[in-house]
Amino acid sequence: MGHPPDGSQLALFSASQREQAGKPELLGALADSAHACRACSLRAGCRSVVFGEGDPHARLLLVGEGPGQVEDEQARPFVGPAGQLLDRILLAAGFRREEVFITNVVMCRPPGNRVPLPEEVAACRPWLERKLAIIHPEIILCLGALALHTLVEPGLAVGRARGRWLQRDGSLVLATYHPAAVLRDPGKRRPVWEDFCLVRSRYLESARG
Ligand code: SF4
């Protein structure tokens, strides 16, 4: 299956299969399909489809923008300089990288690391929606404007959205700045740290509740 999942392809994830297959199996099947995707022109210019990684049962899912050069080379999300910063923030906030799930709005690297075009976001969106439907995390953390615009509200500024919980299909959503933006502007370190603390406190609260 080389195209994003749509109504005709949902047989792979039918209700009966959902009952029989667990999240790891469903996510694995989705990843296998995604690696053959050619639904937009980004695939022609990159090495890898960076599906995302982490715990299929994750209660916290992070969504960035798209793979960069290092991510494309390693076929893993957030492993370049911004990813290393993200790892440090996650750890400081009390999360192991393996216990969350990390992905991006688009799975193929845009040339020159430009922001993905609307048609590329639209083409890749069904993959993201399937990942969210399978994992169904309690908390979604949008890293940067593209994730916020794609998952919550087009045009909403991260600076205005951050600090308050939003809702999406039964998941709580919080927005913060992308780690790459923090690398460019150290003034964003503090607000990002506050946002991760907010996520941590909610994460612990819901575990107790
Ligand atoms: S960016 Fe997404 S939709 Fe475009 S080719 Fe890659 S996997 Fe397919």
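Our structure is the block above this text.
Residues numbered from 1 in each chain as written. Predicted model: local features only at pLDDT ≥ 70, side-chain atom pairs only at ≥ 80, totals over all residues.

**Observations regarding the overall build of the protein chain**
Here is step 1: If you tally the helices and strands in the protein chain, you get nine helices and six strands.
Here is step 2: Classification of the 209 residues of the protein chain by burial places 41% in the buried group.
Here is step 3: The long-range share in the protein chain, meaning contacts at least 24 apart out of those at least 6 apart in sequence, stands at 72%. (Helix = DSSP H or I, 4+ residues; strand = E, 2+ residues; numbered from the N terminus. Buried ≥ 20, exposed ≤ 12 C-beta atoms within 10 Å, placed from the backbone. Contact = placed C-beta atoms within 7 Å.)

**So, the site of the ligand**
Here is step 1: The environment of the ligand is made up of 16 residues, and the closest members are C37, C40, R43, C108 and C124.
Here is step 2: Top contributing element to the shell around the ligand by residue count: helix 5 (residues 118–135), with four residues. (Near = placed C-beta within 6 Å.)

**Focus on the packing of helix 2 (residues 23–34) against helix 5**
Here is step 1: Axis separation between helix 2 and helix 5 bottoms out at 10 Å; the angle between their running directions is 170°. Classed by the angle they form, the pair helix 2 and helix 5 counts as roughly antiparallel. Two secondary-structure elements touch here, helix 2 through K23, L26, L27, L30 and A34 and helix 5 through W127, R130, K131, I134 and I135.
Here is step 2: In terms of residue class, the contact of helix 2 with helix 5 is built from seven nonpolar, no polar and three charged. (Axes fitted to C-alpha atoms, helices over the stretch in contact; angles between N-to-C directions. Parallel < 35°, antiparallel > 145°, perpendicular 65-115°, else oblique. Nonpolar A, V, L, I, M, F, W, Y, C, P; charged D, E, K, R; others polar.)

**Regarding the nonpolar core**
Here is step 1: Grouped together as the largest cluster of nonpolar side chains are 54 residues, with contacts concentrated most on L61, V63, M107, L141 and C142.
Here is step 2: Broken down by element, this core gets its largest block of residues, seven residues, from helix 5.
Here is step 3: Setting aside its immediate chain neighbours within four residues, M107 contacts A34, V49, V50, F51, C124 and W127. (Core = buried A, V, L, I, M, F, W, Y, C linked by C-beta atoms within 7 Å.)

**As for the pairing of strand 6 (residues 171–176)**
Here is step 1: Of the pairings in the sheet, the one linking strand 4 (residues 139–143) to strand 6 comprises five bridges and is parallel in character. Counterpart to L141 in the pairing with strand 6 is L174. (Pairing = 2+ DSSP bridges.)

**Considerations on the sheet that holds strand 6**
Here is step 1: Pairing in this open sheet of six strands is mixed, and the strands run 1-3-2-4-6-5 from one edge to the other. If you trace the sheet from one side to the other, it starts and ends with strand 1 (53–54) and strand 5 (166–168), each paired once.
Here is step 2: Judged from the four bridges that link them, strand 2 (residues 60–64) and strand 3 (residues 101–104) form a sheet pairing that is parallel. Its bridge partner being in strand 3, L62 is matched across the sheet by I102.

**Section: the environment of E73**
Here is step 1: Residue position: E73 is located in helix 3 (residues 69–74).
Here is step 2: Overall, the presence of 15 C-beta atoms within 10 Å leaves E73 in the partly exposed class.
Here is step 3: Spatially, the C-alpha atom of E73 lies 7.0 Å from that of S48, the residues being 25 residues apart in sequence.

**Quick word on the environment of V173**
Here is step 1: Locating V173 in the fold gives a position in strand 6.
Here is step 2: For the pair V173 and L148, spaced 25 residues apart in sequence, the C-alpha to C-alpha distance is 8.9 Å.
Here is step 3: Once you skip the residues sitting within four places of it in the chain, V173 turns out to touch I140, C142, L151, V152, L166, Q167 and R168.

**Some details on helix 4 (residues 81–93)**
Here is step 1: The terminal C-alpha atoms of helix 4 lie 19 Å apart, and with 13 residues this matches the ideal 18 Å at 1.5 Å per residue to within 8%.
Here is step 2: Along helix 4, the positions that sit buried rather than exposed are A82, G83, L86 and L90. For helix 4, the angular spread of buried residues about the axis comes to 95°, placing them on one side. Those residues of helix 4 that are exposed and angled more than 90 degrees off the buried face are R88, L91 and A92.
Here is step 3: Tucked inside the fold, the buried residues of helix 4 contact helix 8 (179–184). (Expected span 1.5 Å × (residues − 1). Arc of directions from axis to C-beta.)

**Digging into unusual backbone geometry**
Here is step 1: Here A75, not a glycine, exhibits a phi torsion of approximately 55°, which is positive.
Here is step 2: Mapped onto the elements of the fold, A75 is located in the loop between helix 3 and helix 4.
Here is step 3: Since 17 C-beta atoms lie within 10 Å of it, A75 is described here as partly exposed.
Here is step 4: The phi dihedral of F78 is positive, around 50°, even though this residue is not glycine.
Here is step 5: Positionally, F78 belongs in the loop between helix 3 and helix 4.

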